[in-house]
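Each chain, letter by letter, is given below.
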Amino acid sequence: MQTKPIGAAALLIPATGLVLVFMGLPLIYLFRYSLNQYVPGEFIVDGFTLENYRIFFSEAYYLTGMWTTLLMAGAVTILCITLGLPIANWIARQSGTLKTILLMAVILPLFISNAVRAAGWMVAFGQAGVLNYVLLQLGLISEPLQIMQTPIAVFIGMTAVNLPYVVLTLQSIFEGLDENIDFAAASLGAQPLQSFFLVRLPQVVPGILAASMLSFILAMNAYATPVLLGGPSFRMMAPMVVVEIMNKANWPLGAALAFILLATTVAISILAALFIRRRY
Amino acid sequence: MANIAISGLNKTYGSFRAVDFIDLNVQEGEFVIVLGPSGCGKTTTLRMLAGFIEPDGGQVILGGRDITYEPPYRRNIGLVFQNYALFPHLTIFENVAFGLRRRGVNHSEITPRVKDALSLVDLSHLTDRLPRQLSGGQQQRVAIARAIAIRPDVLLLDEPLSNLDAKLRLQVRDELRSLQKRLGITTIMVTHDQDEAMSVGDRLVLMRSGRIEQIGSPDDLYNRPANRFVADFIGRTNFLRGRIEKDQAFHSEGGIVLTSASQPPGATEAMIRPEAIRVRSVPEQSGPNAISGTIHGHVFLGGLIELAIDMPGGERITGVISPRELEEAGVKLIPNAPVYISVAPKDVVLL
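In this text the structure is predicted, and so the values were computed from the model without any measurement. (Residues numbered from 1 in each chain as written. Chains lettered and ligands numbered in written order. Predicted model: local features only at pLDDT ≥ 70, side-chain atom pairs only at ≥ 80, totals over all residues. Heavy atoms only, no water.)

1. Some details on the overall build of chain A
For step 1, the next point in the chain: A tally of regular secondary structure across chain A gives 14 helices and zero strands.
For step 2, the next point in the chain: By its C-alpha atoms, chain A is 80 × 75 × 30 Å across when sized along the principal axes.
For step 3, the next point in the chain: Within chain A, the proportion of its 280 residues that are buried is 41%.
For step 4, the next point in the chain: Taking all contacts inside chain A whose residues are at least 6 apart in sequence as the whole, residues at least 24 apart take part in 68%.
For step 5, the next point in the chain: Carbon and sulfur atoms provide 73% of the accessible area of chain A, an area that totals close to 15,700 Å². (Helix = DSSP H or I, 4+ residues; strand = E, 2+ residues; numbered from the N terminus. Buried < 20%, exposed > 50% of the residue type's maximum accessible area, 1.4 Å probe, protein only. Contact = heavy atoms within 4.5 Å. Areas by Shrake-Rupley, 256 points an atom, 1.4 Å probe, with all protein chains shown as cover.)

Next comes the structure, spelled out in structure tokens:
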């Protein structure tokens, strides 16, 4: 006798309930807030207006913030994939203790909070920081470089945050590749580099897209790194949402920004997923 | 096409001797099967020939060229794997063209050479498909076409039929055999399947624990095994423990007396193939090796019957006999019924 599959579905009810209560409802609440009117000095003024969305699309301050966010997320993702591919490929080909050590080296940074890691970069990049000290000592520069409080610092910091996720995703995919296919390529005359580009890389394209999506979503919603390394004049979406809600007490606009960020991220993810499904 | 001379090839992993100083010469155009149980070193040997495992010592000479430490991509050896190992993202055409492109074959020559290779395996009509759109048998034929398209000096086959179902396995096996003869390409195939080995190989190399136990034709290994391991590994066999007495006959521990065509000194076992057993319902008047026993049981093997016969001394001998022969001999398949068997002296192999 086989019980109906409803039994298995029933097991999902508690988890689904939790998601609905603690994620779905707040989102609906937030969406409702984004339609409210903003009256300075008053906390909640019920209303039904698209004014907050109009503000986003008409003011350069917000549009630039979104543009910066998209550019940064795209650039970080491209660098993460470029660095992640050879690292993941290399780790996947190791074995034994070396592999364990390498994997630990990738995983351990994830144990440290983003804010703490950003603080580390501040020490490294500051005017009197480690990097400037070394470069000055080597005579490569004559005065300290301004790295902190620039987009470059955010770029490096966020790449460091996302790289472990990308490497782990790609490594598991390289791990699953059939060794005999590499052997076949070699026997047919492909040198190691040719083999990587002509045989290994094409097989992991779906994995590259998955890792890109992961990195892109993480970067789109990054908060600690841009705030700590970018300084006050560098604006990305997540910090801007916080500024609206916490500093300006403008919940309706903050909610609208949050929704726009969410919608953009989801839309890009869905497009990428469709692309993966169509091609592979 | 070329001959291969392997000498003193060895490989050790820690304290495990995967390949223990083997010597093997394969003639040009020969089809040699390396077989043995898993862990016998056959796959390690093949991978050293292909260049994927660096040997600890020894030499591999391919057509007069020392390739022992050549990287695989410079060896010009064609490889076929158990799991096909086709490039999943490339079409059948591009899979076969891959080796030609790596060799910088002239652009105008690639298409005809790919078509030639695919027509050898009857797949010229599927050039635009992807590997996953093909059946297992078709994929393996593409893999064969891909390996021969580069006109390799040697073809190495690693359990190429093991992933195919029984019927397809026979078909691809025969195709492989005839293709190999037609092209005259030196071929080494690794397998654990002795039926496969016997049916396609010119010569068989039986390995155990990194060593070669016997090299010879299928007939040699089956009928003149060098030792008990070979006799046991190749085909089904009856073994009787005992020794050669002063009368030059072999006396088993159960008291069976057997004369054999040859009496190697110090033999401790007699080997008799099941199909060498003749049965009678009445005692044979004369002739050597006539023994009486009782029927223990039988199993139908399709066209043949496997008969287990208990000997008076407690030993059991298995014979494989056709139903017609049983009928002509008047033997009834009743448990404990008396039965008389005989074996020609040439079929008694003392080890």
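That was the structure; now back to the text.
2. Some thoughts on the domain arrangement of chain B
Residues and elements named next belong to chain B.
For step 1, the next point in the chain: Along its sequence, chain B is organised into domain 1 (4-229) and domain 2 (236-350).
For step 2, the next point in the chain: Taking the mean C-alpha position of each, domain 1 and domain 2 sit 40 Å from one another.
For step 3, the next point in the chain: With five residues of domain 1 at the contact, the number on the domain 2 side is six residues.
For step 4, the next point in the chain: When domain 1 packs against domain 2, the two sides together hide about 530 Å² of surface, and 46% of this comes from carbon and sulfur.
For step 5, the next point in the chain: Of all residues in domain 1, Y222, P225 and R228 give up the largest surface area on contact with domain 2, accounting jointly for 87% of the area buried on that side.
For step 6, the next point in the chain: In this assembly, domain 1 and domain 2 are joined by one salt bridge.
For step 7, the next point in the chain: Of the charged contacts, one joins E269 and R228 as a salt bridge, the two residues approaching to 2.2 Å between their closest N and O atoms.
For step 8, the next point in the chain: For the side of domain 1 that touches domain 2, the element with the most residues is helix α7 (residues 218-223), which contributes three residues.
For step 9, the next point in the chain: Residues that form the side of domain 1 that touches domain 2 fall into these classes: three nonpolar, one polar and one charged. (Domains from an automatic or database assignment. Buried area = accessible area lost by both parts, 1.4 Å probe. Salt bridge = Lys/Arg side-chain N within 4 Å of Asp/Glu carboxyl O. Nonpolar A, V, L, I, M, F, W, Y, C, P; charged D, E, K, R; others polar.)

3. Brief notes about the environment of B:R208
For step 1, the next point in the chain: Structurally, B:R208 is set in strand β9 (residues 203-208).
For step 2, the next point in the chain: Not counting residues within four places of it along the chain, the set of residues in contact with B:R208 comprises B:C40, B:E213 and B:F229.

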